[in-house]
Amino acid sequence: KAGVTQTPRYLIKTRGQQVTLSCSPISGHRSVSWYQQTPGQGLQFLFEYFSETQRNKGNFPGRFSGRQFSNSRSEMNVSTLELGDSALYLCASSLERENTGELFFGEGSRLTVL
Amino acid sequence: GDSVTQMEGPVTLSEEAFLTINCTYTATGYPSLFWYVQYPGEGLQLLLKATKADDKGSNKGFEATYRKETTSFHLEKGSVQVSDSAVYFCALRGSARQLTFGSGTQLTVLP
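Since the model is a prediction, treat every value here as computed from it, not as a measurement. Throughout this description, residue numbers start from 1 for each chain and increase along the sequence as written. Think of it this way: whatever chain is written first is A, whatever ligand is written first is 1, and the rest follow in order. Note on the predicted model: pLDDT of at least 70 is required for a residue's local features to be given, and 80 or more for side-chain atom pairs to be given and counted; whole-chain, interface and lining totals, by contrast, use all residues. Where side-chain values are given, they derive from all heavy atoms of the structure, hydrogens and water being excluded.

Draft legend 1. Representation of the sheet that holds strand β8 (residues 62–65) of chain B. All names here are of chain B. As summarised here, the arrangement of the four strands in space is β3-β9-β8-β7, forming an open sheet in which the pairing is antiparallel. In the strand order of this sheet, the two ends are held by β3 (19–21) and β7 (56–59), each with one partner. If you compare each strand with its neighbour and ignore which way they point, the axes differ by 15 degrees on average. Bridging between β3 and strand β9 (residues 75–77) involves three bridges; their strand directions are antiparallel. Note on β9: the bridge partner recorded for threonine 20 is glutamate 76. When DSSP finds at least two bridges between two strands, those strands are taken to pair. Under the scheme used here, helices are H or I runs from DSSP no shorter than 4 residues and strands are E runs no shorter than 2 residues, and both carry numbers assigned from the N terminus. Every axis corresponds to a line fitted to the C-alpha atoms, with the helix fit spanning only the stretch in contact, and the corresponding angles, defined between N-to-C directions, vary from 0 to 180 degrees.

Draft legend 2. Expanded view of the state of the cysteines. Cysteine sulfur atoms that pair up within 2.5 Å are treated as a disulfide. One pass over the full model with this rule turns up two disulfides over all chains. Two residues share a disulfide in this structure: A:Cys23 and A:Cys91, whose sulfurs sit 1.8 Å from each other. The sign of the -60 degrees torsion about the S-S bond sets the A:Cys23-A:Cys91 disulfide as left-handed. Of the two residues, A:Cys23 sits in strand β3 (residues 19–24) while A:Cys91 sits in strand β9 (residues 87–94), which places them 68 residues apart along the sequence. Here's how the labels work: a residue is buried when its accessible area is under 20% of the maximum for its type, exposed when over 50%, partly exposed in between, all with a 1.4 Å probe on protein chains only. Accessibility expressed as a relative area gives 0% for A:Cys91, which makes it buried. Here B:Cys23 engages in a disulfide with B:Cys90; their sulfurs sit 1.9 Å apart. With the S-S dihedral at roughly -70 degrees, the linkage between B:Cys23 and B:Cys90 falls on the left-handed side.

Draft legend 3. Quick peek at the pairing of strand β4 (residues 23–26) of chain B. Residues and elements named next belong to chain B. The two faces of β4 differ: Cys23 and Tyr25 on one face are buried, but Thr24 and Thr26 on the other face are not. Relative to β4, strand β1 (residues 3–6) runs antiparallel, the two being bridged by four bridges. Its bridge partner being in β4, glutamine 6 is matched across the sheet by cysteine 23.

Printed below as a string of structure tokens:
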């Protein structure tokens, strides 16, 4: 069974640009969550989607947005990139309708903003 | 709000040594508690969990007991191996229904 797949794995952008990251959850999983991981702030929750609806959101500015498609694949977008957005962005999927905290993580997309 | 405090790393041990990584939490209500592990170059993996007070989660020789009276969920293993070298994250799922992670503890096990 394929795991959570994130693309691209690595990318470099410059300040002011925008970026879109993609996540394909494990087959059959309908809940997708996104986290930002940085050395200074650790793992911080961005948002969670279930059946194409955002049902939870962390404390990030509006430059961070996401969506989920009918096949459960999800994308997140960051506009007007800042240097501080450099991070590992992790996607996680869950089988249960109710997010119990048992998440399956992808390997992440490492974003570097220059 | 919810928060998780882990012991500072890095932690370096010799193979077969006893491991304890301390974790305490602050949360309202009755959170579920987790330990996740991140091996080099990989995503996080669920190691073990406990959903109510006095529950003991266990997996791969690791154990942690949900102590509500001390708001703790310390990770232990009796004999570590080189392959246990990784970053360990304590986490909780509280009333906000999202995972709140600790800062992570880097473990290095030397042969």
